[in-house]
Amino acid sequence: VQLQASGGGLVQPGGSLRLSCTASGSISSINLMDWYRQAPGQQREFVADIRSDGITKYADSVKGRFTISRDNAKKSVYLQMNSLKLEDTAVYYCNAYVLSGSRWSDYWGQGTLVTVSS
């Protein structure tokens, strides 16, 4: 199973970006899908998650600005980021809890860099 993240880039404060992450491989089912981020010199932190039934949860720091969504048919999760701030600069990682064969496991994408700068 592999997760491929994309969509990062350079954006000015107040701008928007949309991240995508697609799972591939021997996948029977995907439960929770989420996004984490890691800023330089800091620990990885939770950003948002979405359950298979569409229930979402957000970190307080992004609530009202970021929206997580998923397309189960495409095995993909998205993160729409609006009103970006300097402090949103980080490498963003997607994560998914996947049933492959008879085993549930966590899988991580490779990360995509988001830089918010004027």
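Whatever comes next refers back to the structure up there.
Rules and cut-offs
- Residues numbered from 1 in each chain as written.
- Predicted model: local features only at pLDDT ≥ 70, side-chain atom pairs only at ≥ 80, totals over all residues.
- Heavy atoms only, no water.
- Salt bridge = Lys/Arg side-chain N within 4 Å of Asp/Glu carboxyl O.
- Buried < 20%, exposed > 50% of the residue type's maximum accessible area, 1.4 Å probe, protein only.
- Disulfide = S-S within 2.5 Å.
- Helix = DSSP H or I, 4+ residues; strand = E, 2+ residues; numbered from the N terminus.
- Pairing = 2+ DSSP bridges.
- Axes fitted to C-alpha atoms, helices over the stretch in contact; angles between N-to-C directions.
- Contact = heavy atoms within 4.5 Å.

Moving on, we get to the pattern of salt bridges. Oppositely charged side chains are able to pair whenever their charged atoms sit close together. Summed over the entire model, instances satisfying the criterion amount to six salt bridges. The shortest N-O distance in the salt bridge between Arg-37 and Glu-45 comes to 2.7 Å. Classification of Arg-37 by relative accessible area gives buried; the value is 5%. Linking Asp-60 and Lys-63 is a salt bridge whose minimum nitrogen-to-oxygen distance equals 3.0 Å. Considered together, Asp-60 and Lys-63 belong to a single accessibility category, that of exposed residues. Through salt bridges that share partners, Arg-37, Glu-45, Arg-65 and Asp-88 make up one connected network.

Under the counting rule described, the total for this entry stands at one disulfide. With its sulfur 2.0 Å from that of its partner, Cys-21 forms a disulfide with Cys-94. Where Cys-21 bonds to Cys-94 through sulfur, the torsion about that S-S bond is close to 60°, and the disulfide is right-handed. Note that Cys-21 is positioned in strand S3 (residues 17-24) and Cys-94 in strand S9 (residues 90-100), a separation of 73 residues in sequence.

Moving on, we get to the sheet that holds strand S1 (residues 2-6). Sheets are built from strands paired through backbone hydrogen bonds, the pairs being either parallel or antiparallel. Read across the sheet, four strands follow the order S1-S3-S8-S7 without closing on themselves; strand pairing throughout is antiparallel. At either end of the open sheet lies a strand with only one pairing partner, and these are S1 and strand S7 (66-71). Each strand of the sheet is rotated relative to its neighbour by a mean of 15°, with strand direction disregarded. In terms of strand pairing, S7 meets strand S8 (residues 76-81) through six bridges, oriented antiparallel. Pairing of Thr-67 across the sheet is with Gln-80, part of S8.

Examined against the element boundaries, Gly-14 turns out to sit in the loop between strand S2 (9-11) and S3. In this structure Gly-14 comes out as exposed when scored by relative accessible area, which is 53%. In this structure, the C-alpha to C-alpha distance between Gly-14 and Asn-82, residues 68 residues apart in sequence, is 7.0 Å. Excluding residues that lie within four positions of it along the chain, Gly-14 makes contacts with Ser-83 and Leu-84.

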